[in-house]
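# Structure at a glance
Letter by letter, the chains look like this.
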Amino acid sequence: MELNDLYRRVIMDHYKNPRNRGELEQESVAIALNNPTCGDRISLQLQLEDGIITDARFTGEGCSISMSSASMMTEAVKGRSYEEALDLAERFSSLMQGQDVEFEELEDIEALSGVNKFPARIKCATLAWNALKKGIEPQTN
Ligand code: FES
Ligand code: FES
């Protein structure tokens, strides 16, 4: 697939030097999800405290898009309220639908915007965000 060089560099940087890869000692919630189209999987652990995601870690095996997206997502949601995190997840899905979304200080995430032209890759990029939603949505009900 073709992505521009800057985007490719950002994605490869997160893939090779993943942020927040590993496991928490005492997680509040743990979510495991696969991408049904390829079988790749992600496990996400979140530490939750008073409506805030205080820490996030992930493990799993997958392509560069899925793993870099998990790295970016965990970085983006740490320290955020549940509402802010779910709002970011919404904005990420708009980005994947080809909308022009800005992530302000989280601009690394915008490197994944080029993925929206490749439907199979959208599933890769969205895997970590789906795990996040699965972990947080039950807390907000
Ligand atoms: Fe291009 Fe996986 S990153 S196919
Ligand atoms: Fe499996 Fe991307 S090819 S998550």
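Okay, so let's go over this structure. Computed from a prediction, not measured in an experiment: that's the story for all the values here. (Residues numbered from 1 in each chain as written. Chains lettered and ligands numbered in written order. Predicted model: local features only at pLDDT ≥ 70, side-chain atom pairs only at ≥ 80, totals over all residues. Heavy atoms only, no water.)

Another point: the sheet that holds strand β3 (residues 52–61). Reading across the sheet, the three strands line up as β1-β2-β3 and stay open at both edges, with antiparallel pairing between neighbours. Whereas interior strands pair on both sides, the edge strands pair on one side only; in this sheet they are β1 (29–34) and β3. Neighbouring strand axes in the sheet, compared pairwise and without regard to direction, differ in orientation by 20 degrees on average. Where strand β2 (residues 41–49) lies against β3, nine bridges are found, and the strand directions are antiparallel. Looking at β3, one finds that Glu-49 is bridged to Ile-52. (Pairing = 2+ DSSP bridges. Helix = DSSP H or I, 4+ residues; strand = E, 2+ residues; numbered from the N terminus. Axes fitted to C-alpha atoms, helices over the stretch in contact; angles between N-to-C directions.)

Our next topic: the nonpolar core. Membership of the largest hydrophobic core comes to 43 residues, with the highest contact counts inside it found for Leu-46, Ile-53, Val-77, Phe-92, Ile-109, Trp-129 and Leu-132. Elements represented by at least two residues in this core include exactly α1 (5–16), β1, β2, β3, α2 (64–77), α3 (82–96) and α4 (119–136). Sequence-distant contacts of Leu-46, defined by excluding residues within four places in its chain, comprise Leu-24, Glu-27, Ser-28, Val-29, Ile-31, Ile-53, Asp-55, Ala-56, Leu-132 and Ile-136. (Core = buried A, V, L, I, M, F, W, Y, C linked by side-chain atoms within 4.5 Å. Buried < 20%, exposed > 50% of the residue type's maximum accessible area, 1.4 Å probe, protein only. Contact = heavy atoms within 4.5 Å.)

Now for the pattern of salt bridges. The final tally for this structure, using the stated rule, is seven salt bridges. One salt bridge in this structure joins Arg-21 and Glu-61, with 3.8 Å as the shortest N-O distance. Linking Arg-21 in the loop between α1 and β1 with Glu-61 in strand β3, this pair joins segments that are 40 residues apart in sequence. Salt bridges linked by common partners bring Asp-13, Arg-19 and Glu-75 together as one network. (Salt bridge = Lys/Arg side-chain N within 4 Å of Asp/Glu carboxyl O.)

Our focus in this paragraph is the packing of α1 against α2. Contact geometry of α1 with α2 gives a least axis separation of 8 Å together with a crossing angle of 80 degrees. With respect to their mutual orientation, α1 and α2 come out roughly perpendicular. Of the residues in α2, those touching α1 at Val-10, Ile-11, Met-12, His-14 and Tyr-15 are Ser-64, Ile-65, Met-67, Ser-68, Ser-71, Met-72 and Glu-75. In terms of residue class, the contact of α1 with α2 is made up of seven nonpolar, four polar and one charged. (Parallel < 35°, antiparallel > 145°, perpendicular 65-115°, else oblique. Nonpolar A, V, L, I, M, F, W, Y, C, P; charged D, E, K, R; others polar.)

Attention now goes to the side chain of Asn-20. When you line up the elements, Asn-20 lands in the loop between α1 and β1. Among the polar contacts made by the side chain of Asn-20, one reaches the side chain of Thr-74 at a distance of 3.0 Å. Excluding residues within four positions of it along the chain, Asn-20 makes contact with Ala-56, Arg-57, Phe-58, Ser-71, Thr-74, Glu-75 and Lys-78. (Polar contact = N/O pair within 3.5 Å; in protein donor to acceptor, adjacent residues only side chain to side chain.)

Strand direction decides the pairing type here: β1 and β2, joined by six bridges, are antiparallel. Counted as the bridge partner of Ile-31 is Leu-44 from β2. Here β1 folds back onto β2 in antiparallel fashion, the turn holding six residues, of which Gly-39 has a positive phi close to 85 degrees. Counted along the chain from β2 to the antiparallel partner β3, the turn is two residues long, and its residue Asp-50 has a positive phi close to 50 degrees.

With 14 residues, α2 extends 20 Å between its outermost C-alpha atoms, agreeing within 8% with the 20 Å of an ideal straight helix rising 1.5 Å per residue. The buried fraction of α2 amounts to 12 of the 14 residues, a majority that puts the element mostly inside the structure. Of all the residues in α2, the buried ones are Ile-65, Ser-66, Met-67, Ser-68, Ser-69, Ala-70, Ser-71, Met-72, Met-73, Thr-74, Ala-76 and Val-77. Along its buried surface, α2 packs onto α1, β2, β3, α3 and α4. Directly after α2, the chain includes Gly-79, whose backbone phi takes a positive value near 85 degrees. (Expected span 1.5 Å × (residues − 1).)

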